[in-house]
There are 2 protein chains.
Amino acid sequence: MEAVREQSFDLLIENVMLVNVFNDSVSPACIGISGERIQYIGEAKASFKAADTIDGGGLYALPGFIDSHMHLESSMLPPQAFACRALECGTTMVAADPHEICNVLGPKGVYALMEAASGTPLKVLMLAPSTVPSAPGFEGSGCAVGPQEAAEMLEHPGIFGLGEVMDFNGVADGEENILAVVRMARERGAMIDGHASVLTGERLQRFAAAGIDSDHTAANPEQLLERLALGCCVQIQECNLSAGMVQAMNELAVSNRVCLVTDDVPLDKLMHQGQLNHVVTRAIALGLEPVKAIRFATINAADRLRRYDTGAIAPGRLANIQLVRDLRAPKPELLVVEGKVILEGGRLNFTPRPCDLSALCEHPMLVKEVRKEDLFIPVETKPADTWAKVNIIKYNGSGHRTKKVLRNLPLCDSQLGRTVDITGLFKVAVFNRYGLDRHALALIDGMAELDGAIALTYGHDAHNLTVYGGDDGDMALAANTVRRMKGGMCAVQGGEVLARVPLPLGGLMSREPAEVLSGQVEAFLEACRKIGLKYANPITFLTLMPLAVSPEIKCTDLGLIDVVNKRMLPLIEECY
Amino acid sequence: MEAVREQSFDLLIENVMLVNVFNDSVSPACIGISGERIQYIGEAKASFKAADTIDGGGLYALPGFIDSHMHLESSMLPPQAFACRALECGTTMVAADPHEICNVLGPKGVYALMEAASGTPLKVLMLAPSTVPSAPGFEGSGCAVGPQEAAEMLEHPGIFGLGEVMDFNGVADGEENILAVVRMARERGAMIDGHASVLTGERLQRFAAAGIDSDHTAANPEQLLERLALGCCVQIQECNLSAGMVQAMNELAVSNRVCLVTDDVPLDKLMHQGQLNHVVTRAIALGLEPVKAIRFATINAADRLRRYDTGAIAPGRLANIQLVRDLRAPKPELLVVEGKVILEGGRLNFTPRPCDLSALCEHPMLVKEVRKEDLFIPVETKPADTWAKVNIIKYNGSGHRTKKVLRNLPLCDSQLGRTVDITGLFKVAVFNRYGLDRHALALIDGMAELDGAIALTYGHDAHNLTVYGGDDGDMALAANTVRRMKGGMCAVQGGEVLARVPLPLGGLMSREPAEVLSGQVEAFLEACRKIGLKYANPITFLTLMPLAVSPEIKCTDLGLIDVVNKRMLPLIEECY
């Protein structure tokens, strides 16, 4: 057999420890690249020629990370800035479910986000949101996705699958609205992303039987194993990592349907901890074998996303390669995307191509001027009544779960009439921003009183204008401040605006670079603390309060929602 | 959480041991099916209702086998009869590379084969042949596939990928003809099937770098591991199974890119041993863990073929299920395809839908009447010469490999002039059947003399008319008999036709049912033995002699081919 003629590469990366995700091995190698693809891995030969050569300095060479379930909007960064940050963290491809912007702007928002996320080396695979609004009938949103809207999006060449099916109960119960969307996607052979949440047993199987074959909510080893046994791709996010979970992941006989994902990463975590590399690092710290963690964040994700030319450092694959010093806490010192070095010494060396953000700016903010009186809770009583039984949202200060409690509150008089005494509680008000002149009020027992008010348009999933506060005047000012900014967040105290974060892109994302937005958000969080909101993750609390699919009780523009029993609740049950 | 409403299935298979290919487990279960899909696996519930119920009798429930690399033509059966036999063996899907018929009839032969293979529950995924003819310039065939022909086939909705790229040296050497075909398929995102043969090291990597990511020729653990490390899907066929190979397969850290395949299965093996189930059985007998063998023949193949709704018994997947008694030697007693029971008590219960075979019958057989003189080997000599140095094909009686030997043969006189004395040898002649009036002659040292002649139109890959024999008159009769049958095989002795097997479909396949064809082939093989051809696998020998890509020396209609050095050889080097 004759030898190969002299090999000539565009780029030769020498002297690396190559992590091979096809056999979980790590070994010394060089990597030959021509054009956008890898040509050779293995021992260096004297006969090799290369236009450019890089000494890998003995660093580990990993495939670029692939995040198979995430949302671009979560960081509130402009999408290109998010992309740059993801690349700095070694992520070269993401599958983005744009259901936040879709709730606000509909399919045209999805296309606008696609444009906004282009122009950097990050490959963004866009999904068609399936569950918009997340809780039909229980919230007002800017768009409703049915089979027709979802089909229209799937026809778009830039969209490759159906986004997370969040109405898991609807699917398990055989509800036609959501099943029609899933069936349409299945008939097209599209990948269908899931959100199975608490489903188990027969109900989980009905979810899988509909053709939904991934889930990013498995919270313990039992859920992991149950889902895998059904052929589900289980996508583990940081909040579901534990020593027990990684032990189960280490022990799997078959593990090609396990991925690591980020789902939602708020700005501060993104900037201080990282993107998918942080989930990898956390999993390894908890005991996951490093090569498995890397496999779960690369080739397994590529396979899940049906991308056959990435996810590994191997001949024929796209040259998406990161060089990292610490295999247990990867952060690229050098990053190659499709054959081009785009990050050196930890710094990006490209300028994003300008993109058109105008469509994202033209989002609805159809809220009338909010008056102090809009925040008043009127109570209809008989003259002898002194107490009211009130449905209260109880929040224990961490996570996203709320508890429904029925509390007896004393009645009191005010300038606007009889109301309930909310000592020890604070108010939340949600204003529809899509042109329906309506809002709802509720009370939160959040282990705090608020001296001031906080308003924001980032509120899962419908992103109406949500206002929290102890003082009706401050609440009105906060609401109106956000209205006038046409989206964003602000904090108010004593009639003064303490902090504001403009989010002009759909009311969800900033136009500012990461450093500027970080400063704005930090000032906003500082103001929130000053007002009295002292939770570990205040943005989680603030943005998830209107999410009517997240247990146990939430408030939308329609009112209090008993999520578990899928029904509306009155704020005041009775007076006596 | 509310319970699932009463589950109602079309078919409930109770009391089976379910083999779960997602976690390599076997456990007692029932399987609920509605329509064509599986709805539920697991514990039976009293609340279950079903239109039909089957007691699985404690048998193992396996997914239908999926053969990810095979050729429909190999058995010589009409495609529907092959499909029935495959189903009897538990195979429910095959990826068929129709390069045999494509050599004869071109793309229209591929479409005709697709039609001929339809009408049974076997799912046939058809590939577009990439390497037709297999050795351009060294054989005459009925069609040449270039990028344009391959692209035309890939456009056909029934064709889903590029068939095995057999010109591995061409790819490794950067030859533009074959690279253009591969590039075209890669640009379309098509799956590309490979045949890497002896390639290793840099040359194998160049093959992989072209985008070819499977191989069914790995013959030992080293080749298995080298290919897997490059991300290649390694498809193991029976002839490459060994104790060492299965040990390596058992020990893989990552094994989702390993499949079991059949490639070519001749009729006798197909009828007596089975189809893919036989490969599974052999692998297990050699030590492969049974659940792994089954995984390699089901979900791994489905993943390779990018079929996301089959390959496993799990909710949402197509109900392709076989019930087998012996996990170590699976043969279905019951087979369900897409929710329908199509085999019970080991017997098929359906009638294939009639299909149109006419296009397959209209194949070229453009060979003129063969005369005895056409088989004569003339020798140009100087008067004093008494010897000739002759290039001989040496065959040791097993496998497909031949050796090139240079032999000194005495010269002798005959009615037609001077020739060589072929005592101890026999002749092979290959007649172009595509309208070029040419043929070539060669000599075989096959440890036998032939008393009579054998002719056939099944000759890899161009399927010209090939004739073997010791007697020129018998050879002419055999050739003309096959000519008049318009394709097939026949054996002749002493001027009498001993046996004939008509293969009217492209000259490759019969129109007869399996029992009839089996009888014909057995009679033919018996006649071959009588003539003196006593190899273990005579059909392998007879059909592979013209294959100019199989080492080391072969004979096509153009003459002797030195396969290793890719050049023509003269039959007679010199006389002296």
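In this text the structure is predicted, and so the values were computed from the model without any measurement.

Let's shift gears to the relation of the copies chain B and chain A. With an RMSD of 0.1 Å, the operation that places chain B on chain A is a rotation of 180° combined with a shift of 0.0 Å along the axis. Each copy turns onto its partner about a two-fold axis. For chain B, the minimum C-alpha distance to the rotation axis belongs to N256(B) and amounts to 3.4 Å. Both copies share a contact surface, since 100% of the interface residues of chain B are interface residues in chain A too.

Another aspect to go through is the sheet that holds strand β7 (residues 91-96) of chain A. All names here are of chain A. Pairing within the open sheet is parallel, and its five strands lie in the order β6-β7-β8-β9-β10. On the outer flanks of this sheet lie β6 (65-70) and β10 (191-194), each paired with one strand and no other. Adjacent strand axes in the sheet meet at a mean angle of 30°, parallel and antiparallel pairs treated alike. By the bridge criterion, four bridges tie β7 to strand β8 (residues 123-128) in an arrangement that is parallel. Bridged to M93 within β8 is K123. Against the sheet, helix α6 (residues 176-187) touches β9 (159-165) and β10, its axis set at about 150° to β9.

With that out of the way, let us pick up the sheet that holds strand β12 (residues 233-236) of chain A. Within a sheet, adjacent strands bond to each other through the backbone by hydrogen bonds, running parallel or antiparallel. Residues and elements named next belong to chain A. With respect to topology, three strands assemble into an open sheet ordered β11-β12-β13, the strand pairing being parallel. Of all strands in the sheet, those bounded by a partner on one side alone are β11 (214-215) and β13 (258-260). On top of the sheet, helix α8 (residues 221-229) reaches β11, β12 and β13; it is set at about 150° to β12, its chief contact.

All names here are of chain A. One pass over the structure, following the stated rule, counts 16 aromatic pairs over all chains. Ring centres of F9 and F48 lie 5.2 Å apart, and the angle between their planes is 85°; this geometry places the pair in the edge-to-face category. A residue pair is termed long-range when its members are at least 10 positions apart, and F9 in strand β1 (residues 8-20) and F48 in the loop between β3 (37-42) and β4 (49-55) qualify at 39 residues. For F9, a relative accessible area of 2% puts it in the buried group. Overall, the relative accessible area of 10% leaves F48 in the buried class. Ring geometry for Y468 and F541: centres 5.4 Å apart, planes at 45°, overall tilted. Of this pair, Y468 sits in strand β24 (residues 465-469) while F541 sits in helix α17 (residues 538-544), and the two are 73 residues apart along the sequence. As far as burial versus exposure is concerned, Y468 and F541 are alike and both buried.

All right, on to helix α3 (residues 107-116) of chain A then. Residues and elements named next belong to chain A. α3 sits mainly inside the fold: seven of its 10 residues count as buried. Within α3 the residues assigned to the buried category are P107, G109, V110, A112, L113, M114 and A116. Its buried side turned inward, α3 meets α1 (79-88), α2 (99-105), β8, α4 (147-155), β9 and α14 (358-361).

Let us look at the confidence of the model for chain A. Across chain A, the average pLDDT comes to 96, with 99% of residues at 70 or higher. Overall fold confidence for the complex sits at a pTM of 0.96, while the interface term, ipTM, reaches 0.95.

A few words on the interface of chain B and chain A. Taken together, the contact between chain B and chain A spans 46 residues of the former and 46 residues of the latter. For the chain B and chain A pair, buried surface summed over both sides reaches about 4,200 Å², with 48% attributable to carbon and sulfur atoms. There are four salt bridges connecting chain B and chain A. Salt-bridge contacts for R257(A) lead to D303(B); the nearest nitrogen and oxygen are separated by 2.8 Å. For the pair chain B and chain A, the number of links is 15 residue pairs in polar contact (both at pLDDT 80 or more). The element best represented in the side of chain B that touches chain A is helix α7 (residues 201-209) of chain B, accounting for six residues. Broken down by class, the residue content of the side of chain B that touches chain A amounts to 21 nonpolar, 10 polar and 15 charged.

The rules behind the values
Residues numbered from 1 in each chain as written. Chains lettered and ligands numbered in written order. Predicted model: local features only at pLDDT ≥ 70, side-chain atom pairs only at ≥ 80, totals over all residues. Heavy atoms only, no water. Least-squares fit on C-alpha atoms with pLDDT ≥ 70 in both. Contact = heavy atoms within 4.5 Å. Pairing = 2+ DSSP bridges. Helix = DSSP H or I, 4+ residues; strand = E, 2+ residues; numbered from the N terminus. Axes fitted to C-alpha atoms, helices over the stretch in contact; angles between N-to-C directions. Phe/Tyr/Trp six-rings, centres within 6.5 Å; stacked < 30°, edge-to-face > 60°. Buried < 20%, exposed > 50% of the residue type's maximum accessible area, 1.4 Å probe, protein only. pLDDT = per-residue confidence, 0-100. Buried area = accessible area lost by both parts, 1.4 Å probe. Salt bridge = Lys/Arg side-chain N within 4 Å of Asp/Glu carboxyl O. Polar contact = N/O pair within 3.5 Å; in protein donor to acceptor, adjacent residues only side chain to side chain. Nonpolar A, V, L, I, M, F, W, Y, C, P; charged D, E, K, R; others polar.

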